[in-house]
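Below, each chain spelled out in residue letters.
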Amino acid sequence: MSVSMRDLDPAFQGAGQKAKDAVFYIYISGIEIWRIENFLPTPIPKSSIGKFFTGDSYIVLKTTALKTGALRHDIHYWLGKDTSQDEAGTAAVKTVELDAALGGRAVQYREVQGNETEKFLSYFKPCIIPQEGGVASGFKHVVAEEHTTRLFVCRGKHVVHVPFARSSLNHDDIYILDTKSKIFQFNGSNSSIQERAKALEVVQYIKDTYHDGTCEVATVEDGKLMADADSGEFWGFFGGFAPLPRKTANDEDKTYNSDITKLFCVEKGQANPVEGDTLKREMLDTNKCYILDCGIEVFVWMGRTTSLDDRKIASGAAEEMIRSSERPKSQMIRIIEGFETVPFRSKFESWTQETNTTVSEDGRGRVAALLQRQGVNVRGLMKAAPPKEEPQVFIDCTGNLQVWRVNGQAKTLLQAADHSKFYSGDCYVFQYSYPGEEKEEVLIGTWFGKQSVEEERGSAVSMASKMVESMKFVPAQARIYEGKEPVIFFVIMQSFIVFKGGISSGYKKYIAEKEVDDDTYNENGLALFRIQGSGPENMQAIQVDPVASSLNSSYYYILHNDSSVFTWAGNLSTATDQELVERQLDLIKPNLQARAQKEGSESEQFWELLGGKAEYSSQKLTKEPERDPHLFSCTFTKEILKVTEIHNFTQDDLMTEDIFIIDCHSEIFVWVGQEVVPKSKLLALSIGEKFIEKDSLLEKLSPEAPIYVIMEGGEPSFFTRFFTSWDSSKSTMHGNSFQRKLKIVKNGGTPVADKPKRRTPASYGGRASVPDKSQQRSRSMSFSPDRVRVRGRSPAFNALAATFESQNARNLSTPPPVVRKLYPRSVTPDSSKFAPAPKSSAIASRSALFEKTPPQEPSIPKPLKASPKTPESPAPESNSKEQEEKKENDKEEEKSMSSRLESLTIQEDAKEGVEDEEDLPAHPYERLKTTSTDPVSDIDVTRREAYLSSEEFKEKFGMTKEAFYKLPKWKQNKFKMAVQLF
């Protein structure tokens, strides 16, 4: 399309930029609006955002920044019911010009008052309520005077002003009666809970906009007659109660058949039918404009090389087609070749999307150059630089992991050392518990190897589902395939290794039946591993065929047989890859010295092991990109899945009675409300699979894309990240969607929690939230020793506090402190003979653990036991005075004890991590192990590592003794638990 400055209205210069400094341009959530005044677009003032007048026409531009860094534009022109024909025509033409100013790739929508598209309404949630009046249409804007009682009907996403009369009411819709001092919501008996909940959002909007948030709100249920005062007051406005008539069909309720599609080619202002039994992409000529009439939707397709005048003419022909056929509800959508919408492409057979963004970017560049010569800031017209690709982690990596291998209909728990070692022929079930933002969170998932059998895949899903069900559907559930693992999975597993073959009974049975060779990994055989990942907490070793064609210049590899091991560095690999390969060597072949090979200078022995040289790739392997999320509401009946997209979604769009899906292309999230029936909850994973098959966005979703099932109330951070804001207190409210939102509306817009929040279970290191990247700490030896400790109760302090606390006095919602056994430095053979000491002795002995010098006798009293009451002989007055004095003393002693405990905590924290290493004799590692046949005696069994020589200590722990003992005690213990040497 040729672009000329005479075709561009000055009002559109600089439109659609990321940032805007002009006074009259508004850029709130990417929205810019112009009103047609004297047949010219005029930017509206900032205070008028969201206000529309029935006698005017508007142009609305929505600019969205995509994950790729590019800007997407949607243009809408809105026509009020009383706007003039000339103004409507001006808005249509100016919309085409605005598209030209943006480079000619925006999607354009025609919006008619009362029949707006859901995408348009999503910009102004919860609704738009046009006001009477206009600028140049013979109307005057109505000046706000004394409040007038108004009646609105809520139909889907539309809010329509209807006559204030009983005849307007029916049993199917929801009505809002806005009076001076109170807002009534009348719920038709045939309306749904979800519709009623959405209508309450409109009530809140009216309350805030027209009543300054101060009026009362009441709901009236259809059929309750005069059951309460609110009902009586409501019907009083209509002259008293009377039966409502049935809803009668009118022109607004007419439906148009969208299954019948007709294609027209626009030539010389005429729309000529295009013959053909079915619609095919080849019917569209890039040099022409077409109209696709689908009844309720009328598409105008404009070829990439068509002129601006041709596009205006085609738009006018489509307007005339809608007008002449008397279809006021029809929506017109104009699209540019290469940027077709999903609904348009779905009308054609086997549409092949061939978007050539280069041409479009060139067009935008030419427009930008023309505007720049006139001094216009064109920064927003140029394609934004794509963000730096870096895997983001939305889960805490310091949790507890359990892994089971599936064997037929049973599962086998793996040892900690084998948690991240999977076989391609097997299936696995894992459970990961970690500290969330507000509580302990759990993720239960399945992993299917590429060579695994269908029977064991089914068993794995069944096992995982039963685990989730046994925990009352609180955990999130994941289904993951080999080769499609998300970053979250790799972070959980950390050093992840995938071996060829399998060791499960199902795999062994399969290869026996098929009579195929068993290629299961043998540590003494020939094997080649590709090393990949982004860091120590996200690294993988994937076994590939041991041939030269498996190499790739972008990666490091490990090649080994029984007696030798090689590392191979591709010319395009990085220093990070080198660090990863060294770490993986310790896991795959720790006892052999590796020989480094550089691409282009390999040894003959290296090529001999691979069977000779061969051609191989240099292109880095890429996974499915995560694009901007799309939210769909789902209805699943009789094996048929129906979905509806929700644009510009927020948390309030999630209804507790329904199931929703977030589609990110690379991952699918199925959200299940608390009020969903149990049968549907069990089908959540199947619904996710059905959604992938349906492929609503025509993106060719991979059937192996990861699927997550998220239950309401247990939303993890890797789900809530898709929402601009998230209020977890909304899920703690009881009732259905309508009941919950009614409480919020009556409480001034604030959620009302019906139950106290559960106390967050403290993790072993005091962690209670997901860290940022700079603070993340691994379960392996890759954590930073400089990490700041979060203060909290230590095991020793918990044991001390447990001595004083009364179980009867403890808040039952608070978990009791964890009591851990404190081992002395030396074990006395006769220690077991001593009888349990009284509590005062226990306090003194435990207090001594926190002090270097013997303390004075602490003034901590023994627990006081209440004297039994004797009702036969009432206590004399003197005894009462004594008891009062005793109570006062008890209070003072309790204060003293609290101060003492606080002091102990401070002393403990100050001393923790600075304990000097003692001069202890060194012993061989084999004699220090608990399984040793010749164990060392007379040692502190809780500090076996202290008896290692400096060389052995550094070899086993990856750091010196000095560095280890500078760590806090809790970190030392966690480190020892992670390495599990003894």
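Source: prediction; values computed, not measured.

Enquirer: Outline the overall build of the chain, supporting the account with residue identities and numerical values.
Expert: Each helix and strand in the chain was counted, giving 23 helices and 32 strands. About 49,900 Å² of surface is accessible on the chain, with carbon and sulfur atoms providing 50% of the total.

Enquirer: I'd like a rundown of the sheet that holds strand E27 (residues 595-598), residues and numbers included.
Expert: One open sheet holds the seven strands; their spatial order is E18-E22-E24-E23-E25-E26-E27, and the pairing between them is mixed. Each edge of the sheet is formed by a strand with only one pairing partner; in this case those strands are strand E18 (421-423) and E27. Sheet twist, expressed as the average angle between the axes of neighbouring strands with direction ignored, equals 20°. Against the sheet, helix H11 (residues 575-588) engages E18, strand E22 (495-499), strand E23 (527-535), strand E24 (538-544), strand E25 (556-560) and strand E26 (565-569), with an angle of about 130° to E23.

Enquirer: Give a description of the pairing of E25 that names residues and reports values.
Expert: E25 sits mainly inside the fold: five of its five residues count as buried. Every second residue of E25 is oriented toward a common face, with Tyr556, Ile558 and His560 on one face and Tyr557 and Leu559 on the other, all of them buried. In the sheet, E23 pairs with E25 via five bridges, with the strands oriented antiparallel. Counted as the bridge partner of Leu528 is Leu559 from E25. As paired strands, E25 and E26 are joined by five bridges and run antiparallel to one another. Each bridged residue has a counterpart across the sheet, and for Leu559 the counterpart in E26 is Phe566.

Enquirer: Pulling in residues and values, what's your account of the environment of Gln402?
Expert: Assignment of secondary structure puts Gln402 in strand E16 (residues 400-407). The contacts of Gln402, once residues within four sequence positions are left out, are Leu413, His419, Val429, Phe430 and Gln431.

Enquirer: Can you explain the side chain of Thr656? Please cite residues and give values.
Expert: With respect to the element layout, Thr656 can be found in the loop between strand E29 (640-646) and strand E30 (659-663). We classify Thr656 as buried; its relative accessible area is 2%. Within the structure, Thr656 has its side chain in polar contact with the side chain of Glu712 (distance 2.7 Å).

Enquirer: Break down helix H8 (residues 454-470) for me, with residues and values.
Expert: A rise of 1.5 Å per residue sets the reference length of H8, with its 17 residues, at 24 Å; its end C-alpha atoms lie 24 Å apart and thus fit the reference within 8%. Of all the positions in H8, only Glu456, Arg457, Ser459, Ala460, Met463, Ala464, Met467 and Val468 are classed as buried. Two residues or fewer past H8, Lys472 is found with a positive phi of approximately 60°.

Enquirer: Explain the pattern of salt bridges to me, using residue names and the numbers behind them.
Expert: Tallied over the entire structure, the rule returns 37 salt bridges. One salt bridge in this structure joins Asp9 and Lys94, with 3.0 Å as the shortest N-O distance. Taken together, the residues span a long stretch of sequence, with Asp9 in the segment before strand E1 (31-37) and Lys94 in helix H1 (residues 85-101) at a distance of 85 residues. Asp9 sits in the buried class, given a relative accessible area of 9%. By relative accessible area, Lys94 is classed as buried at 12%. Linking Glu579 and Arg583 is a salt bridge whose minimum nitrogen-to-oxygen distance equals 3.5 Å. Note that Glu579 and Arg583 are positioned in helix H11 at a spacing of four residues, about one turn of the helix. On the basis of relative accessibility, which here comes to 27%, the residue Arg583 falls in the partly exposed class.

Enquirer: Just give me the short version of the nonpolar core, but keep the residues and values in it.
Expert: Counting residues in each nonpolar core, the largest one holds 76 residues, and the members touching the most others are Phe489, Phe529, Ile662 and Phe718. Ala15, Ala101, Val266 and Cys289 belong to the second largest nonpolar core, which has 35 residues in total.

Enquirer: Mind laying out the pairing of E26, listing which residues take part and the relevant values?
Expert: For E26, the tally of buried residues reaches five of five residues, placing the bulk of the element in the interior. Linking E25 back to E26 in an antiparallel pair, the connection comprises four residues. Bridge count between E26 and E27: four bridges; the pairing is parallel. Paired with Trp568 across the bridge in E27 is Gln597. Since E26 and E27 lie parallel, the crossover through H11 that links them has a hand, and here it is right-handed.

Enquirer: Any details on the sheet that holds strand E6 (residues 150-155)? Residues and values, ideally.
Expert: Spatial ordering of the open sheet is given by E7-E6-E8-E9-E10, a layout of five strands whose pairing is mixed. Every interior strand has two partners, whereas the edge strands, strand E7 (158-162) and strand E10 (216-221), have only one. Strand-to-strand, the axes of this sheet are offset by a mean angle of 25°, without reference to chain direction. Where E6 meets E7, five bridges bridge the pair, whose relative direction is antiparallel. Note on E7: the bridge partner recorded for Val153 is Val160. Strands strand E8 (174-178), strand E9 (182-187) and E10 of the sheet are contacted by helix H4 (residues 229-236), whose axis makes an angle of about 95° with E9.

Enquirer: Can you explain the environment of Leu683? Please cite residues and give values.
Expert: Along the polypeptide, Leu683 turns up in the loop between helix H13 (678-682) and helix H14 (684-694). Using a relative accessible area of 30% as the deciding quantity, one classes Leu683 as partly exposed. In sequence terms Leu683 and Phe636 are 47 residues apart; their C-alpha atoms lie 9.3 Å from each other.

Enquirer: Give a description of unusual backbone geometry that names residues and reports values.
Expert: Cis geometry marks the peptide bond from Lys125 to Pro126; its omega dihedral reads 5°. Of note, Pro126 is situated in the loop between helix H2 (118-122) and E6. Even without being a glycine, His665 presents a positive backbone phi close to 75°. Mapped onto the fold, His665 is located in the loop between E30 and strand E31 (668-672). Using a relative accessible area of 13% as the deciding quantity, one classes His665 as buried. The phi dihedral of Lys700 is positive, around 55°, even though this residue is not glycine. If you trace the backbone, Lys700 turns up in the loop between H14 and strand E32 (707-711). Lys700 gets classed as exposed once you look at its relative accessible area, which sits at 74%.

Enquirer: Kindly report on helix H16 (residues 737-746), identifying the contributing residues and their values.
Expert: With seven of 10 residues buried, H16 is to be regarded as a mostly interior element. Within the sequence span of H16, burial applies to Ser737, Phe738, Arg740, Lys741, Leu742, Ile744 and Val745. The N-cap residue of H16 is Asn736: its side-chain oxygen and the backbone nitrogen of Phe738 are 3.1 Å apart. Where H16 terminates, the next one or two residues include Gly748, which has phi positive at roughly 80°.

Enquirer: Give a description of the packing of helix H3 (residues 193-210) against H16 that names residues and reports values.
Expert: The axes of two packed helices give the description: the angle between them and the distance between them. Closest axis-to-axis distance for the H3/H16 pair is 8 Å, and the angle between their directions is 15°. Here H3 lies roughly parallel to H16, going by the angle between them. The two elements H3 and H16 cross, and the hand of that crossing is left-handed. Here Ile193, Arg196, Ala197, Lys198, Leu200, Glu201, Val203, Gln204 and Lys207 of H3 come into contact with H16, specifically with Ser737, Phe738, Lys741, Leu742, Ile744 and Val745. Of the residues belonging to the contact of H3 with H16, the class tally is eight nonpolar, two polar and five charged.

Enquirer: Give me the lowdown on the packing of aromatic side chains, citing residues and values where you can.
Expert: How two aromatic rings sit relative to each other is set out by the distance from centre to centre and by the angle between their planes. A full pass over the atoms with the stated rule returns 57 aromatic pairs. An angle of 75° between the planes, with centres 5.9 Å apart, marks the rings of Phe566 and Phe606 as edge-to-face. Here Phe606 lies in helix H12 (residues 604-609) and Phe566 lies in strand E26, a separation of 40 residues in the sequence. Here the two residues Phe566 and Phe606 agree in accessibility, since each one is buried. Members of the aromatic cluster, connected to one another through ring pairs, are Phe164, Tyr175, Phe184, Phe186, Phe234, Trp235, Phe237, Phe238 and Phe241. Taking NZ or CZ as reference, Arg150 lies 4.5 Å from the ring centre of Tyr210, over its face. The ring of Tyr555 is capped by Arg530, whose NZ or CZ atom sits 5.7 Å from the centre of that ring.

Quick notes on the rules
Residues numbered from 1 in each chain as written. Predicted model: local features only at pLDDT ≥ 70, side-chain atom pairs only at ≥ 80, totals over all residues. Heavy atoms only, no water. Helix = DSSP H or I, 4+ residues; strand = E, 2+ residues; numbered from the N terminus. Areas by Shrake-Rupley, 256 points an atom, 1.4 Å probe, with all protein chains shown as cover. Pairing = 2+ DSSP bridges. Axes fitted to C-alpha atoms, helices over the stretch in contact; angles between N-to-C directions. Contact = heavy atoms within 4.5 Å. Buried < 20%, exposed > 50% of the residue type's maximum accessible area, 1.4 Å probe, protein only. Polar contact = N/O pair within 3.5 Å; in protein donor to acceptor, adjacent residues only side chain to side chain. Expected span 1.5 Å × (residues − 1). Salt bridge = Lys/Arg side-chain N within 4 Å of Asp/Glu carboxyl O. Core = buried A, V, L, I, M, F, W, Y, C linked by side-chain atoms within 4.5 Å. Right-handed = clockwise from strand over helix to strand, strands pointing away. Parallel < 35°, antiparallel > 145°, perpendicular 65-115°, else oblique. Left-handed = near helix turned anticlockwise from the far one by under 90°. Nonpolar A, V, L, I, M, F, W, Y, C, P; charged D, E, K, R; others polar. Phe/Tyr/Trp six-rings, centres within 6.5 Å; stacked < 30°, edge-to-face > 60°. Lys NZ or Arg CZ within 6 Å of the ring centre and 35° of its normal.

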